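Results of the structural survey
One letter stands for each residue in the lines below.
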Amino acid sequence: MSAVLAAILPVLAAVALMLVNGVVLIYMLRKVLGRLHLRHGPLNVGPKGMVQTTADVLKLLSKEDVIPTGVDRWMYVLAPAAVFIPSLLAYAAIPFSENLRITQLETGLLFTFAVLSLVALGVLMAGWGSANKWSLIGAMRAAAQTIAYEVPLLLSVIPVVMVVGSLDLAQIVQAQSGTWFGIIPRWFVFAQFPAFAIFLIAALAELNQTPFDMSEAESELVAGFATEYSSMRFGMLFLAEFSNSFIMSAIAVSVFFGGWSLPWVPDSVIAPIAPVIFVLKTYFGIFVFMWIRGTFPRVRIDQLMTLGWKWLIPITLGWIMLTGLVLKLGELGGAS
Amino acid sequence: MEGPFAWGVLFVIGSAAAAVAFILIVFAANALLSPRLPTPEKLEPYECGMPPAGIAWAPVRLRFTAIALLLVIFDAEAAVLFAVAPAVKGDPAAAAAAGIFVALLAIGLVYAWRKGVLSWR
């Protein structure tokens, strides 16, 4: 019985975490964007508008689920699930602390990217199934964009994997403990800065975030692939979207920013509050995404494709070769 | 199947099942709480309030078929590199082989570039 419970609890925790993330992140987005626009954001429901998103979720639950005539019914109905399920699975390998993980996966990094890439399929299903021109154009743009940026995203973390020698996210975090010269933390964002820059750009594009948000550009396409969705189906699509930005930020934190560790602080102090540090770092990453969203204009699709294929991929390939070469030379130097 | 791998697979199946259960619960709650008042206008596809013109599934020009092929190649490359990368620190011959593999694909990218596949016309 306890084994079953031990198996079920982490899954429930993942669902709960995803819901809380969705509610908190939407509130945070509205507040942050509000501040960036010199407005207040939500104010009225609860203290400082904090209960606003909870109220929104309850409202979505009680709204009529309008399924337009002429939709491809199976695709339309299944699309929110096809977006939601991989988004939940992606929580599996995130290392909140040394021991606190939903499941122990030796190939955690690869697994997370693999399930996240399934989200694009759900988006395409939603766009095609809706039988709406806005939806279709939005989904097509999303597909083209995901195709172009998947490769640099995957390739950008490979140098780090080569240095660490493991795909396990917890081991990648452990490899970043300590400091150089007693000052600079051993985070890969310093040693692998080009890889991080490419990761950030590609992650923004994969998340369909500004400046790469052509797939749901409000001023052009109504709401992109989500145009025809209402009530909780719409809620699912958006919950998954916010949850994905949490996942992407969590990967960035664990691969490039030392995960749950803090520089200059001994491990005995960190150990009890490790998950808190991890979540705070992740939320800071999301804040940066929102900051970019409130600041940058949208790029054009041809600029997007040029950037992805003609700049990011060659640079990452070169950086992988360079890192490999330096590693090998270091080994030879160490051996002789 | 034993050990951590089996646990991983079990976890994936379990959480997919949990996700499905969650979705079913949410939609059931939605169905109980929400009204059902369909009208012909409400069920029209949204086209800014105008009567929809033609069908949405009109042929679209996929400018990225060649790019999609490239994606398949480079995704396969990334998958192989993910398998090789943790071992780069070990055997020099294997690392060299991985390097040659990356170089070959880079030549392929240059070829596609010269053929004009990568420009969005």
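Analysis parameters
Residues numbered from 1 in each chain as written. Chains lettered and ligands numbered in written order. Predicted model: local features only at pLDDT ≥ 70, side-chain atom pairs only at ≥ 80, totals over all residues. Heavy atoms only, no water. Salt bridge = Lys/Arg side-chain N within 4 Å of Asp/Glu carboxyl O. Helix = DSSP H or I, 4+ residues; strand = E, 2+ residues; numbered from the N terminus. Buried < 20%, exposed > 50% of the residue type's maximum accessible area, 1.4 Å probe, protein only. Expected span 1.5 Å × (residues − 1). Bend = angle between axes of the 7 residues up to and from the residue. Core = buried A, V, L, I, M, F, W, Y, C linked by side-chain atoms within 4.5 Å. Domains from an automatic or database assignment. Contact = heavy atoms within 4.5 Å. 1 Å grid on protein atoms, 1.4 Å probe; cavity = no way out; pocket = protein on both sides within 12 Å on 5 of 7 lines; lining within 4 Å. Points joined across faces, edges and corners; volume = space filled by probe spheres on them. Nonpolar A, V, L, I, M, F, W, Y, C, P; charged D, E, K, R; others polar. Buried area = accessible area lost by both parts, 1.4 Å probe. Polar contact = N/O pair within 3.5 Å; in protein donor to acceptor, adjacent residues only side chain to side chain.

Residues and elements named next belong to chain A. Taken as a whole, this structure holds two salt bridges over all chains when the rule is applied. Salt-bridge contacts for arginine 30 lead to aspartate 56; the nearest nitrogen and oxygen are separated by 3.3 Å. Here arginine 30 is found in helix H1 (residues 2-36), whereas its partner aspartate 56 is found in helix H2 (residues 52-61), with 26 residues between them in sequence. Looking at aspartate 56, the relative accessible area reads 24%, which means it is partly exposed. A salt bridge links aspartate 65 to arginine 233; its shortest N-O distance comes to 2.9 Å. A residue pair is termed long-range when its members are at least 10 positions apart, and aspartate 65 in the loop between H2 and helix H3 (73-89) and arginine 233 in helix H11 (residues 231-256) qualify at 168 residues.

Turning to H3(A), a few remarks are in order. Residue and element names in this part refer to chain A. For H3, spanning 17 residues, the distance from its first C-alpha to its last is 25 Å, which sits close to the expected 24 Å at 1.5 Å a residue. At alanine 79, H3 shows its largest kink, close to 35 degrees, and the proline proline 80 lies no more than four residues downstream. Along H3, the residues that are buried comprise Tyr76, Ala79, Pro80, Ala81, Val83, Phe84, Ile85, Pro86, Ser87, Leu88 and Leu89.

Considering soluble globular proteins, one finds that nonpolar side chains tend to be buried as a cluster. A:Leu109, A:Phe113, A:Phe199, A:Phe256, A:Trp309 and B:Phe74 are the most contacted members of the largest nonpolar core, which totals 129 residues. The residue makeup of this core includes at least three contributed by each of domain 1 (1-58) and domain 2 (60-121) of chain B. Those residues in contact with A:Phe113 that lie beyond four places of it in its chain are A:Leu153, A:Leu154, A:Val157, A:Phe199, A:Ile251 and B:Phe82.

Turning our eyes to something else, we now look at the environment of A:Ser243. Residue and element names in this part refer to chain A. Looking at the element boundaries, serine 243 is found in helix H11. In this structure serine 243 comes out as buried when scored by relative accessible area, which is 0%. When near neighbours in sequence (up to four residues on either side) are disregarded, serine 243 contacts Met18, Ser87 and Tyr91.

As a volume, the largest pocket reaches approximately 1,200 Å³. Every residue lining the largest pocket is counted, 46 residues in all, and those nearest its centre are A:Ile26, A:Leu29, A:Phe234, A:Phe238 and A:Phe242. When contributions to the lining of the largest pocket are tallied by element, the ones reaching two or more residues are H1, H2, H11 and helix H12 (267-295) of chain A together with helix H1 (3-33) of chain B. Looking at which element gives the most residues to the lining of the largest pocket, the answer is H11(A), with ten residues. Per-class residue counts for the lining of the largest pocket are 23 nonpolar, twelve polar and eleven charged.

On to empty space enclosed by the protein, then. All names here are of chain A. The tally for this structure, following the rule as stated, stands at one cavity of 30 Å³ or more. Considered as a void within the structure, the largest cavity measures approximately 300 Å³ in volume. For the largest cavity, the lining is made up of 21 residues, of which Leu116, Val119, Glu206, Leu207 and Asn244 are closest to its centre. For the lining of the largest cavity, the elements supplying multiple residues, two or more each, are helix H4 (108-117), helix H5 (119-129), helix H6 (133-164) and H11. Per element, the largest residue contribution to the lining of the largest cavity is six residues, and it comes from H6. Looking at the lining of the largest cavity, its residues break down into 14 nonpolar, four polar and three charged.

Bringing the interface of chain A and chain B into the picture now. On the chain B side, the residues contacting the 73 residues of chain A number 64 residues. Both faces combined, the contact of chain A with chain B buries some 5,900 Å², and carbon together with sulfur accounts for 77% of it. Considering only the side of chain A, the residues that lose the most area to chain B are A:Glu64, A:Lys133 and A:Trp309, jointly responsible for 12% of the buried surface there. Taken together, chain A and chain B are joined by zero salt bridges. At the boundary of chain A and chain B, one finds two residue pairs in polar contact (both at pLDDT 80 or more). Among the elements of the structure, H1, H2, H3, H4, H5, H6, H11 and helix H13 (301-335) of chain A are those that each provide at least two residues to the side of chain A that touches chain B. Tallying contributions element by element places H6(A) first for the side of chain A that touches chain B, with 16 residues. A class-by-class count of the residues in the side of chain A that touches chain B yields 51 nonpolar, ten polar and twelve charged.

Remember that the coordinates give geometry; whether it matters functionally is a separate question.
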